[in-house]
Amino acid sequence: MKTTQNIDVTVDAIVFGYNKEIGVTVLLIKRKNDPFKGQWALPGGFVEPTESLELAVARELKEETGVKINYLEQLYTFGQPDRDPRKRIISVAYFGIVKSSQFKKLKAADDAEDAEWFKIKHLPALAFDHQKILKMAIDRLRSKMIYQPIGFELLDKKFPFSDLEHLYSTLLGRPIDRRNFRKKVMGLGILEELDEKAPSLGAGRPGNLFQFNKATYNQLVKEGMHFEI
């Protein structure tokens, strides 16, 4: 059957940020142009004819926010016929998580009037179907945490174990069983306990600092795991 298609392809970037004091945030841009001019949205845009999807999402993210990230994971393809008021547009979404303190100076440009980190619990109304895309990204991130260790690039090089507990509790959006969590994490062999004490923050005796065993950590990431929290 002969068909005539008039469909464009875009990419969207869901970049989560983590900060011990602030919690989990997501990077959004304020749209400079119609449709949805002046509304907040995910960074993204049209794929050029000569570039791959991965190059396109990296380019759009850099152009609209000034943020450069080495790797984003493909999330899903969104293709409802009415998702964009301009025409039929299919969007391929990518997501990742970074240490937001490394990207304090955002630089909005191109189709973005502004760029800002927003707490995921206090989000503005989003353009297009970006609320749906963001929700799927949050669900994927949380489900991913049970089969892949997270934290190597989000915590300081040396950290108290409580920082790792806080990271998981914050990303999951719920409390965790601290004793069981510690037992399971230590059983993975991805942490090394150091003969260094964490800074004292109260009357209690400070515990030791930890660091990731990079080789073991990378191997587990490569192989995948099941880490029921």
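All values reported here derive from a predicted model rather than from experimental measurement. (Residues numbered from 1 in each chain as written. Predicted model: local features only at pLDDT ≥ 70, side-chain atom pairs only at ≥ 80, totals over all residues. Heavy atoms only, no water.)

Turning our attention to helix α5 (residues 214–223). Its side-chain oxygen placed 3.3 Å from the backbone nitrogen of Ala-215, Asn-213 serves as the N-cap of α5. Following α5 by one or two positions, Gly-224 has its phi on the positive side, about 80°. (Polar contact = N/O pair within 3.5 Å; in protein donor to acceptor, adjacent residues only side chain to side chain. Helix = DSSP H or I, 4+ residues; strand = E, 2+ residues; numbered from the N terminus.)

Our next topic: the side chain of Thr-65. When you line up the elements, Thr-65 lands in helix α1 (residues 53–65). One polar contact links the side chain of Thr-65 to the main-chain carbonyl oxygen of Leu-61, over a distance of 2.6 Å. Looking at Thr-65, its side chain comes within polar contact range of the main-chain nitrogen of Val-67, at 3.1 Å. Beyond its immediate chain neighbours, meaning those up to four positions away, Thr-65 contacts Leu-27, Ile-29, Pro-43, Leu-106, Lys-107 and Ala-115. (Contact = heavy atoms within 4.5 Å.)

Our next topic: the nonpolar core. In terms of nonpolar packing, the biggest core is built from 42 residues, with Ile-14, Phe-16, Leu-164, Leu-167, Tyr-168 and Leu-191 touching the most fellow members. What Ile-14 contacts, discounting residues up to four positions off in sequence, is Val-26, Leu-42, Leu-75, Ala-93, Tyr-94, Phe-95, Gly-96, Ile-133, Leu-134 and Ala-137. Formed by 15 residues, the second largest nonpolar core is a distinct cluster that contains Val-67, Ile-69, Val-92 and Phe-103. (Core = buried A, V, L, I, M, F, W, Y, C linked by side-chain atoms within 4.5 Å. Buried < 20%, exposed > 50% of the residue type's maximum accessible area, 1.4 Å probe, protein only.)

Okay, unusual backbone geometry next. The omega angle of the peptide bond from Asp-34 to Pro-35 is 0°, so this bond is cis rather than trans. Along the chain, Pro-35 turns up in the loop between β2 (23–31) and β3 (40–41). Here the phi dihedral of Phe-36 falls at roughly 65°; this positive angle occurs in a residue that is not glycine. In this structure, Phe-36 sits in the loop between β2 and β3. Accessibility expressed as a relative area gives 30% for Phe-36, which makes it partly exposed.

Our focus in this paragraph is the sheet that holds strand β9 (residues 191–197). Remark on secondary structure: sheet strands pair via backbone hydrogen bonds, oriented parallel or antiparallel. Strand order in the open sheet made by the three strands is β8-β10-β9, with antiparallel pairing throughout. Across the chains shown, the open sheet's two edge strands, defined by having one partner strand only, are β8 (159–160) and β9. Two elements, β9 and strand β10 (residues 208–212), share four bridges in a ladder whose sense is antiparallel. Bridge pairing links Lys-197 to Asn-208 in β10. (Pairing = 2+ DSSP bridges.)

The next point concerns the UniProt feature "domain: Nudix hydrolase" (unreviewed entry) in the chain. Cross-referencing UniProt, the feature "domain: Nudix hydrolase" (unreviewed entry) maps to residues 8–141 in the present numbering. Secondary structure content for residues 8–141 is 19% helix and 38% strand, while the C-alpha to C-alpha distance between its ends is 28 Å. (UniProt positions renumbered as here; feature names shortened; annotations may be inferred.)

Our focus in this paragraph is the side chain of Glu-64. When you line up the elements, Glu-64 lands in helix α1. No salt bridge is formed by the buried Glu-64; the nearest opposite charge belongs to Arg-31, separated by 6.1 Å. A polar side-chain atom of Glu-64 sits 3.0 Å from the main-chain amide nitrogen of Gly-44. Beyond its immediate stretch of four places on either side in the chain, Glu-64 contacts Ile-29, Pro-43, Gly-44, Lys-107, Ala-108, Ala-109, Asp-110, Asp-111, Ala-112 and Ala-115. (Lys, Arg positive; Asp, Glu negative; His and termini not counted. Salt bridge = Lys/Arg side-chain N within 4 Å of Asp/Glu carboxyl O.)

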